[in-house]
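Architecture and fold: a report
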Amino acid sequence: MGETVMRIVVIGTGHVGLVTCGTLAAIGHSVTGLDSDEEKIATLVAGRLPFVEPELDELIARATGEGRLRFDVEAPEAIAEADAVFICVGTPPLPSGEPNLIAMERAAEIAGRYATDGCVIVEKSTVPAGTAERVRRVIARVRPVGRGRVDVASNPEFLREGHAVRDALEPDRILVGAESEHSRAVLRRVYEPLVARGYSLIETDINTAELAKHACNAFLALKISYANALAQICERAGADVTAIAGVMGADSRISRSFLDAGLGFGGSCFPKDLQAFERLSARLGYEFRLLREVMLINEDAISAVVSKIQDELWNLDGKKIALFGLAFKPGTDDVREAPALALARRLMAAGARVTAHDPEAMRNAKQEVPQLEVAPGALDAAAGAHCVVVCTEWPVYRTLDLEALEAVMAYPFVVDARNIYDGKVMREHGFVYRPTGRPNVDAFRANVSP
Ligand code: UGA
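Since the model is a prediction, treat every value here as computed from it, not as a measurement.

**As for the domain arrangement of the protein**
Its domain assignment divides the protein into domain 1 (7-204) and domain 2 (205-450). Relative placement of domain 1 and domain 2: their C-alpha centres are 34 Å apart. Between domain 1 and domain 2, the contact holds 34 residues from the first and 27 residues from the second. Carbon and sulfur atoms make up 58% of the surface buried where domain 1 meets domain 2, a total of about 2300 Å² over both sides. If you sort the residues of domain 1 by the area they bury against domain 2, Val52, Thr126 and Glu161 come out on top, with a joint share of 26%. Summed over the shared surface of domain 1 and domain 2, the number is two salt bridges. A salt bridge links Arg336 to Glu161, with the nearest nitrogen and oxygen atoms 3.5 Å apart. Linking domain 1 with domain 2 are ten residue pairs in polar contact (both at pLDDT 80 or more).

**Topic: the environment of Pro330**
Tracing the backbone through its elements, the reader meets Pro330 in the loop between strand E9 (320-324) and helix H13 (339-349). In the structure, Pro330 is positioned 270 residues away from Ile60 in sequence and 22 Å away in space, judged by C-alpha atoms. Those residues in contact with Pro330 that sit more than four places away from it in its chain are Thr392, Glu393 and Trp394.

**Description of the pattern of salt bridges**
Using the criterion set out here, one finds 32 salt bridges in the structure. As a salt-bridge pair, Glu235 and Lys308 come within 2.8 Å of each other at their nearest N and O atoms. Note that Glu235 is positioned in helix H9 (residues 206-237) and Lys308 in helix H12 (residues 289-313), a separation of 73 residues in sequence. Lys308 gets classed as buried once you look at its relative accessible area, which sits at 12%. Between Asp240 and Arg438 there is a salt bridge, and its shortest N-O distance comes to 3.4 Å.

**Quick notes on the packing of H9 against helix H11 (residues 270-283)**
Helices that pack against each other are described as a pair by the angle of their axes relative to one another and the distance between those axes. Close contact between H9 and H11 brings their axes to 9 Å; oriented N to C, the two are set at 120°. Every pair of crossing elements has a handedness; the one defined by H9 and H11 is left-handed. In contact with Leu211, Lys213, His214, Ala215, Asn217, Ala218, Leu220, Ala221 and Ile224 of H9, H11 contributes Phe270, Asp273, Leu274, Ala276, Phe277 and Leu280. For the contact of H9 with H11, the per-class residue count stands at eleven nonpolar, two polar and two charged.

**Focus on the packing of aromatic side chains**
In total, this model carries six aromatic pairs according to the counting rule given. The interplanar angle of 80° and the centroid separation of 5.9 Å between the aromatic rings of Phe265 and Phe270 together place this pair among those described as edge-to-face. The pair formed by Phe265 and Phe270 is uniform in burial state, with each residue classed as buried. Ring geometry for Phe324 and Tyr397: centres 4.9 Å apart, planes at 20°, overall stacked. Residue Phe324 is found in strand E9, and its partner Tyr397 is found in helix H16 (residues 395-398); the two are separated by 73 residues along the sequence. One exposure class covers both Phe324 and Tyr397, and it is buried. Of the aromatic side chains, those joined through ring pairs into one cluster are Phe258, Phe265 and Phe270.

Cut-off values and rules
Chains are numbered independently. Their residues run from 1 in the order of the written sequence. Local features are withheld for residues below a pLDDT of 70 in this predicted model, meaning they are given only at 70 or higher, and side-chain atom pairs are given and counted only at 80 or more; totals for whole chains, interfaces and linings count all residues. Calculation of side-chain values draws on the structure's entire complement of heavy atoms; hydrogens and water are dropped beforehand. The split into domains, and so the bounds of each, comes from an automatic or database assignment of domains. Residues count as neighbours in contact if any of their non-hydrogen atoms are within 4.5 Å of one another. Accessible-area loss on putting two parts together, using a 1.4 Å probe and summing over both, is the definition of buried area adopted here. Put simply, a salt bridge is a Lys or Arg side-chain nitrogen that is within 4 Å of an Asp or Glu carboxyl oxygen. Under this definition, polar contacts are N or O atom pairs within 3.5 Å; protein pairs additionally need one hydrogen-donor-capable and one acceptor-capable atom, and for neighbouring residues in sequence, both atoms have to be side-chain atoms. Per the convention used, a helix needs a DSSP run of H or I reaching at least four residues, while a strand needs a run of E reaching at least two, with both numbered from the N terminus. The classification of residues rests on relative accessible area computed with a 1.4 Å probe and restricted to protein chains. Under 20% of the type maximum is buried, over 50% is exposed, and intermediate values are partly exposed. A fitted line through C-alpha atoms represents every axis, and for helices the fit uses only the stretch in contact; the resulting angles, taken between N-to-C directions, go from 0 to 180 degrees. Each crossing gets its handedness from the near helix: less than a right angle anticlockwise from the far helix is left-handed, clockwise is right-handed. Lys, Arg, Asp and Glu make up the charged group, whereas Ala, Val, Leu, Ile, Met, Phe, Trp, Tyr, Cys and Pro make up the nonpolar group; the residues left over, Gly among them, are polar. Here the aromatic set is Phe, Tyr and Trp, taking the six-membered ring for Trp, and pairing holds for ring centres within 6.5 Å; pairs whose planes are under 30 degrees apart are stacked, those over 60 apart are edge-to-face, and all others are tilted.

If you want it as structure tokens, here you go:
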């Protein structure tokens, strides 16, 4: 691999940035991760990760131990020596729904100021089409005379939280948007070890690469909303949405993945990217109504759960509701835009007492919703509850002792917003069971006459 070792700087050590640091070092490059947040860098230098991500800690520990990865607050000299600078800063939504690109501008300024001749400045953060042009202008504004030229390229990331290292080391595809032979050549060299292992690299122009990232996330979100809309019809028609997803998924043109109906999508990507894509389209003169509908169906998924609870429990005032799972999906402690937290807020506003459990995300959830009560175990959360809502499909809830659950609850009522339980089993255990887009179970109760 000798001559393919590249000197790489990664600006931003959030999820995408740290995974980029770890994986580029793992495939043999020499990487420096930069972040303006001193506390974050101190945590990383001390060998700890600021979030939960499987495999990433070992990857980073190995790379730092072998001297292929280091972290710093500011390192003009590392940028000056870099063959490529990857910008992996956050692009959080503004109140308008458009992404806040100020961190992008700051990173472009730093890279543009210190990079030397031939360096390629690569956008990895998810940004609207047209951002590279703004980045070029920022660089032109700050770049000292006589420092040579730099190129701008786009290399969107398709990693999923909780699966990020595998997604980066075994990618479905690597996407490179570049407009000069030089930048294409540099990025080919960066990814050469993965291409040599058989992973495909798709090259496009920069606008296409930027847009492709939004197109992928929006399409995946669309699949989820399609499944959630389908679940509504299934509940009314007495059909089973999971079985339908299986039938649809058997068609290779459709594929089974991202057709799980439930509480809807959350996280730091789909909600933000959908909004940003919709705003970008509107700015470019196209009303992308489909995307707005995808967002509305996603919000409806939470209302549907609230209605199911109210249908069964009537008034929520004084009722105790237990939430199983707070993270926006299993395998992470991330609660950004988590549907479970939106549901908790809605239930509390209606007067319910909400207690929650999550294997990883309770600390983050408490920061977001301080009045939320949390319990050390699922059964502790469910003790005395009139309803349990499965919000995140953590494995620990799938294997829960249902007899014990039925015994600790004040009323054995489960709303399964992730379809993890089997209706037949729930009936055997005496639950009133409300899955999503699947047949209800009403336990037989002989203690009240009609
Ligand atoms: C998503 C994309 O999957 C990645 O490809 C992309 O790189 C990333 O965004 C990004 O833009 O950075 P991520 O946000 O980690 O990744 O989460 P996903 O695994 O895609 O799940 C998103 C949400 O959809 C979760 O809340 C999950 O519970 C929900 N979901 C997923 C469903 O409700 N149903 C499904 O069938 C699948």
